Each structure stands twice: as structure tokens, then as C-alpha cells.
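# Understanding the architecture of this molecule
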Amino acid sequence: MPFAPSSSIARLPPYLFNTDHRHRVLTQLRSKATGLEKYIYLNGLKEREPNLFYEILLANMLEIVPILYTPTVGDACSNYSHIWRRPEGLYVTIEHKGHIREVLRQWHAGHSARIAVVTDGSRILGLGDLGANGLPISVGKLDLYVAGAGIKPATTLPICLDLGTNTTKFHDDPLYLGLRRRRPDTPEMDEFMHEFMEAMTEIFPQLLVQFEDFSTDNAFRYLDLFRNQYRVFNDDIQGTGSVVLSGFFNAARLSAAAAGTPLTDQRILFFGAGSAGIGVAKQLLSFFTLQGLSVEEAKSRIWTVDSKGLITADRKGLQEHKKFFARTDYDGPALTKLEDVINYVKPTALLGLSTVRNAFDEQVVRLMSSLNARPIIFPLSNPVSLCEVDYEDAIKWTNGSVIFASGSPYKTLEYNGKRYEPGQGNNMYIFPGIGLGAILAKARHITDSMVEQASIALASSLTDEEKKADLVYPRLVRIRDLSCQIALAVIRAAQKDNVDENLLFRNLSDEALLEYIRAKQWQPTTLNHHLPRL
Ligand SMILES: NC(=O)c1ccc[n+]([C@@H]2O[C@H](COP(=O)([O-])OP(=O)(O)OC[C@H]3O[C@@H](n4cnc5c(N)ncnc54)[C@H](O)[C@@H]3O)[C@@H](O)[C@H]2O)c1
Ligand SMILES: O=C(O)C[C@H](O)C(=O)O
Ligand SMILES: [Mg+2]
């Protein structure tokens, strides 16, 4: 009789227990030729061995976050219909209108979701309307909730709303996974969104909803419509505002050390006036008023530019979200070239949220450098292929004086024998901590002051060593600790605003609450999980 293994253990290679499976996984990952292959490999690993996946992610944040998240997640979205392997999240489609509750109820069986990231795929990073291909954005943000804030994986819910797409090439792609139709008009979409939010709240009463990568008009409209009714926030408006304020605050401190300009005398030029640009401008305005400026004084420190040039109040047909910061004090000929705007404004800080690759060219960067001992230049558009200026060029053209943070990651580099370390001004530093704080406090709403306090907590978290290295953001490897500090600030702000339902925290000291938050963070279990499942 030939030998027949009687138990599954016999299927394991004999020396497996003496090898390090983590090492094997990293070796396999690193052998993949492209970012997209690495992305596919990691998501397969997450499905097969979730504990191992999160353990490896936590131990190798700098290497793995840019694969699961920005910039590679942008490639994953662009190609999602072609690389799709298995269901990874929930699709709610416009055809479900009228029975969204039932769709959510089906998903709910066995799931107790606490945080959902919801996109409608209409403005994925700077890549435009990707329709049903947008799901990986929600999946990637939730990977960071788990890794960065210690939210339990089983309580996360990635959602893509498939309302069609206006990118018609997808309608003709035989592999496209979504509905082949154009997006609905505003009244129909509003009806859908109201039904969706009502159903979400009914089926998942504890749920926090993060809106992600909605096109700008809808991003502002649904935030305004829902923020006082449900537990929601918009990451691109509020998360980005909060994270950029933190970096700006630390950058202003560095620029003040070189030029003596007080924080409230900074002159900030926004290149790009969409959900992100205006979200950041509003956050800065609010911060300036906390520093003692009136709203008018604070507004006078901010200039915005869109594809038509400097935004002025006399421009015809200005979109609603651009009106507040439109300048009333300029009546010359339209300023359409960035260099002309810079010569007029003389900014101390230039923030890019425009999706225009290389918009900060050599002339622009040298001009900023000629105006400032240490120019603040933040090219924040994602992914890296849409970034307004590469780090190396910004260093070279300012002879190393630039204070820099980009939306997508850049590597540390050497220039003239000195080491330079870039900042990454990405909302990934903020949303995990806001979510963690809001969930623990059982906050009914996400208030402005919760978002603002998150920003201040992040800005204040630089260590002495990080300050010495001229950093404007803390190192990403500390994200779990940073998320605890941000969550603490968010909980305290929720208490002040009386939106917290978990009243027990009110009696705890900051030290005790911080300890509690730390203890609540989910950890991948380390027992035996490095063995493949049989
Ligand atoms: N770093 C981060 O954390 C972060 C967060 C959110 C968004 N973003 C990035 O910011 C970018 C913009 O996002 P959004 O939601 O505001 O998009 P959006 O489409 O609403 O805004 C883009 C803005 O740029 C302007 N613009 C376009 N072409 C221009 C040109 N040639 N000159 C000047 N202005 C021009 C548009 O008029 C618009 O005001 C995206 O790339 C997104 O990935 C980054
Ligand atoms: O997703 C990111 O990397 C940041 C931001 O939310 C964006 O839309 O670009
Ligand atoms: Mg986004």
C-alpha cells in the first residue's frame, strides 16, 4: 500500500517549523517587480492570514504603507476591475435605491461595524471619476485605521457607492465591475444619499462614517447636510485641513526662526481651491482666529488660485465653495500665471492641492526662495505622479532652505553633504486618531473643535529629536502612539462640546484615559499565526 497521509499535518513541509514565515513573506513581497504586484500580493495575504498581514504591516510601515495606501493604491484603483480577486467590501448601487436597508442588513449578519469609509469613486486622489474602481481607497484607509489606530479589523466596513461613472471608457471595458451608466442628477443622488445614511444609522447604530474622495461639490454638500444629523466627517475637507494645519504650524515655527515672521503674519497662497484646498484654508482661518485675529484679518492672510488664476470676488459664475476666500482687494487684470500671482502676493507659504504635476517649476520655486529665507512649499496633490514638485528639485532650487511636505511619500536624500528628510502632509496622520477618539467617546457628531484639537495634538507631538531634524510631522513609525494622543484630544473636545455619550471618561485624568486608549488598541495575535492555514 502506498503511504497516504492521514492528517493534514503531513501536508506541511518537514522543516517549516524551523523557518521564519515572516521572513519568507517579506522575501516574496520584495521579489515582486511592480508596486501593483506587491499590492495584489499583500491583499491576498490579508485574506489568507490577517494576523500575519497586520503584524508585518506594523513592523514595516515605511515600506508597506506606500503600497497599500498612497501612491500605489492609486494604481490599484485605476486597474481594479482587472486585478479583482475576491469581494473586499460592500457595494451599494443606485439600483438598490428603495431597499438599501435590506442590502445593509445582509452584510450586517455577523459584522459589528464601528467605522465605515465610504466613497462614491467620483474623485479618487487626483485621478478623477473611477466609478466602482474606487473601492481600494476605502480598503486602504481602513488598513490604516487598523495599523495606525488599533481599530479591530472585524469592525471596519469599506463601502463603494456605485452610482455609475461619467468616465465613459469604463462603460466599454468588458471587465469593468460597475454599472454602465452615467451618474445621476443632483436630486436623485440626494434621495439616494439620504436613504443610505438613514439605513446605515438604523442597521449600524454605533457607526462612524468617513466620507472619502467625493467630487468637490458633493463633498461639501453632504458634509453640510449630514454633519449635525449623523456621526460623519469628510476626510478630504476636515482630515486634510487638520493635518495641513499641524504641518503648517511647525513649518511656520521654523520659518520664524530664520526670518522672524510671527505666525499670524504668514501669507499663504493656495494653488488649487477644491475640497482639499478650501478645507485647509478654512482650518487655517479658524486657527488664526484662535490666535487673536478677527475673521477679516485671518481671511486677509489667505489667497486662493484655481485653473483660471487668482480667485477674485468679481469673477462671474464663481462656485459656492470658492466665494468665501475670493479676494475683494484686487481689481487689476486677471492674474493667471502662478509667477505673477506670487509676485503680487509675496507669500511665505505655497500650498499645492491642484492635481497639476510639476506646477511648481524651477522659476516658481526660485521665486519663493528669493522672497523667503526659508520658503514653506507643500505640494500636497496625490498620487506622486500629480505632485506639484518633487522633493529633490525643491531642495536643489532652494539650496536646501525649503520647508517641505508632500501628500505622497518621498525618500530622505543627501544634498551638498547634508541629509534632508521630507515631511508627508497626508491626512493618514489624522483620521485614525479622530476615528479612534470619536468611537471611544461614542461622539454623536464630529465637531469643528474635535478636528482642530486633533491638529494641535499632532503638531505638539514632535519629539526633541524630530524638532532637531527640522521635521514638521512626526515619524510615521510612531503612528499608534500619535493616534492615542490625538484620540485623547478628540475625546476632551467632544466632552467640551457635549457630544460624548460615553460619560465614564469624564472622570478619568488625562494619564488614565491615555492608558485606557492604549490598552484598547487591537494587536495582531502572535501565537502560531506564522503558520499557514491548513
Ligand atoms: N495630502 C493630502 O492629505 C490630501 C488630502 C486630500 C486631497 N489631496 C489631493 O489634493 C488634490 C486636490 O483634491 P480636491 O478634492 O481639492 O480636488 P478638486 O478637483 O476639487 O480641486 C482641484 C483644484 O485645483 C484647481 N486646478 C486644476 N488645474 C489647475 C491649474 N492648472 N492651475 C491652478 N489650479 C488648478 C481646480 O480649479 C480646483 O480648484 C488631489 O490630488 C488629492 O489627491 C491631498
Ligand atoms: O488618500 C490620500 O492619500 C489622501 C487624500 O485623502 C487624497 O484624497 O489624496
Ligand atoms: Mg481622499
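Since we're looking at a predicted model, the values are computed, not measured.

### Considering unusual backbone geometry
Between T70 and the following residue, P71, the backbone shows a cis peptide bond with an omega angle of 10 degrees. Tracing the backbone through its elements, the reader meets P71 in the loop between α4 (61–68) and α5 (72–78). Of note, the bond from N382 into P383 is cis; its omega dihedral lies within 30 degrees of zero at -10 degrees. In the Ramachandran plot, L125 falls in the positive-phi region, its phi being about 45 degrees despite a non-glycine side chain. Here L125 shows up in the loop between β2 (115–119) and α8 (135–149). Residue classification places L125 among the buried positions, given a relative accessible area of 10%. In the Ramachandran plot, D470 falls in the positive-phi region, its phi being about 65 degrees despite a non-glycine side chain. For D470, the position within the fold is in the loop between α20 (464–468) and α21 (479–496). Accessibility expressed as a relative area gives 33% for D470, which makes it partly exposed.

### Observations concerning empty space enclosed by the protein
Counted by the stated rule, this structure contains one cavity of 30 Å³ or more. The computed volume of the largest cavity comes to approximately 80 Å³. As for the largest cavity, its lining consists of Y39, I40, N43, Y80, I83, W84, R85, R86 and E88. Ranked by the residues each element gives to the lining of the largest cavity, the list is headed by helix α2 (residues 35–48), at three residues. A breakdown of the residues in the lining of the largest cavity according to their chemical character gives five nonpolar, one polar and three charged.

### Side note on the packing of aromatic side chains
The geometry of an aromatic ring pair is captured by two quantities: the separation of the ring centres and the angle between the planes. Taken as a whole and judged by the stated rule, the model has 20 aromatic pairs. A ring pair is formed by F505 and Y516, whose centres lie 5.2 Å apart and whose planes are at 65 degrees; its orientation type is edge-to-face. With F505 in the loop between α21 and α22 (510–520) and Y516 in helix α22, this residue pair connects regions lying 11 residues apart in the sequence. F505 sits in the buried class, given a relative accessible area of 4%. Classification of Y516 by relative accessible area gives partly exposed; the value is 33%. A network of ring pairs unites the aromatic residues F211, F214, Y222, F226 and Y230 as a single cluster. If you follow R221 out to its NZ or CZ, it ends over the ring of Y222, 5.0 Å from the centre. Over the aromatic face of F324 sits the side chain of K299, whose NZ or CZ is 4.3 Å from the ring centroid.

### Here we look at the coordination of the magnesium ion (ligand 3)
Looking at the magnesium ion (ligand 3), the protein donor atoms are E212 (OE), D213 (OD) and D236 (OD), and they sit 2.1 Å from it. For the magnesium ion (ligand 3), the single-chain donor residues occur in sequence as E-D-x22-D. With a relative accessible area of 1%, E212 lands in the buried category.

### Comments concerning the UniProt feature "binding site: a divalent metal cation" (unreviewed entry) in the protein
Residues given the UniProt feature "binding site: a divalent metal cation" (unreviewed entry) here are E212, D213 and D236. These residues run over 25 residues, yet every pair of their C-alpha atoms falls within 6.7 Å of each other. Looking at the secondary structure, you find E212 in strand β4 (residues 208–212). Apart from residues lying up to four places away in sequence, E212 is in contact with V117, V118, T119, D120, I137, K141, D235 and D236. The topology assignment puts D213 in the loop between β4 and α10 (216–226). Under the relative-accessibility criterion, D213 is labelled buried at 1%. Setting aside residues no more than four positions away along its own chain, D213 makes contact with T119, D120, G121, S122, R123, I124, L125, I137 and D236.

### With respect to the pattern of salt bridges
Under the defined criterion, the tally for this structure stands at 38 salt bridges. Here R221 makes a salt bridge to D190, at a shortest N to O gap of 2.8 Å. One end of the pair, R221, is in helix α10; the other, D190, is in helix α9 (residues 186–203), and 31 residues separate them in sequence. With relative accessibility at 25%, the residue R221 sits in the partly exposed group. Note that E421 and R475 form a salt bridge whose closest N and O atoms lie 2.8 Å from each other. In this pair, E421 sits in the loop between β13 (418–420) and β14 (423–424) while R475 sits in the loop between α20 and α21, placing the two residues 54 residues apart along the sequence. We classify R475 as partly exposed; its relative accessible area is 24%.

### Notes on the site of ligand 2
By nearness alone, every residue bordering ligand 2 is listed as Y69, T70, R123, L125, K141, E212, D213, D235, D236, N382, N426 and N427. Within the side chain of R123, an N or O atom sits 3.0 Å from an oxygen atom of ligand 2. Interatomic distance of 3.0 Å between a side-chain N/O atom of N427 and an oxygen atom of ligand 2. Contact with the protein chains removes 93% of the 260 Å² of surface that ligand 2 exposes when unbound.

### Some remarks on the packing of helix α19 (residues 448–459) against α21
Running from N to C, α19 and α21 cross one another at 150 degrees; their axes reach a closest spacing of 8 Å. For the pair α19 and α21, the sense of crossing is right-handed. Residues S449, M450, Q453, A454, A457 and L458 of α19 touch α21, and the partners they reach there are Q485, I486, A489, V490, A493 and A494. The class makeup of the residues in the contact of α19 with α21 is nine nonpolar, three polar and no charged.

### Considerations on the sheet that holds strand β1 (residues 90–93)
The five strands lie next to each other as β1-β3-β2-β4-β5, forming an open sheet whose pairing is parallel. A strand with exactly one partner marks an edge of an open sheet, and here the two such strands are β1 and β5 (232–234). Put simply, the sheet's adjacent strands are angled 25 degrees from each other on average, direction ignored. Here β2 runs beside β4; their pairing, made up of five bridges, is parallel.

Criteria and cut-off values
- Residues numbered from 1 in each chain as written.
- Chains lettered and ligands numbered in written order.
- Predicted model: local features only at pLDDT ≥ 70, side-chain atom pairs only at ≥ 80, totals over all residues.
- Heavy atoms only, no water.
- Helix = DSSP H or I, 4+ residues; strand = E, 2+ residues; numbered from the N terminus.
- Buried < 20%, exposed > 50% of the residue type's maximum accessible area, 1.4 Å probe, protein only.
- 1 Å grid on protein atoms, 1.4 Å probe; cavity = no way out; pocket = protein on both sides within 12 Å on 5 of 7 lines; lining within 4 Å.
- Points joined across faces, edges and corners; volume = space filled by probe spheres on them.
- Nonpolar A, V, L, I, M, F, W, Y, C, P; charged D, E, K, R; others polar.
- Phe/Tyr/Trp six-rings, centres within 6.5 Å; stacked < 30°, edge-to-face > 60°.
- Lys NZ or Arg CZ within 6 Å of the ring centre and 35° of its normal.
- Donors = N, O, S within 2.8 Å, 3.2 Å for Na, K, Ca; no water.
- UniProt positions renumbered as here; feature names shortened; annotations may be inferred.
- Contact = heavy atoms within 4.5 Å.
- Salt bridge = Lys/Arg side-chain N within 4 Å of Asp/Glu carboxyl O.
- Near = heavy atom within 4 Å.
- Polar contact = N/O pair within 3.5 Å; in protein donor to acceptor, adjacent residues only side chain to side chain.
- Areas by Shrake-Rupley, 256 points an atom, 1.4 Å probe, with all protein chains shown as cover.
- Axes fitted to C-alpha atoms, helices over the stretch in contact; angles between N-to-C directions.
- Left-handed = near helix turned anticlockwise from the far one by under 90°.
- Pairing = 2+ DSSP bridges.

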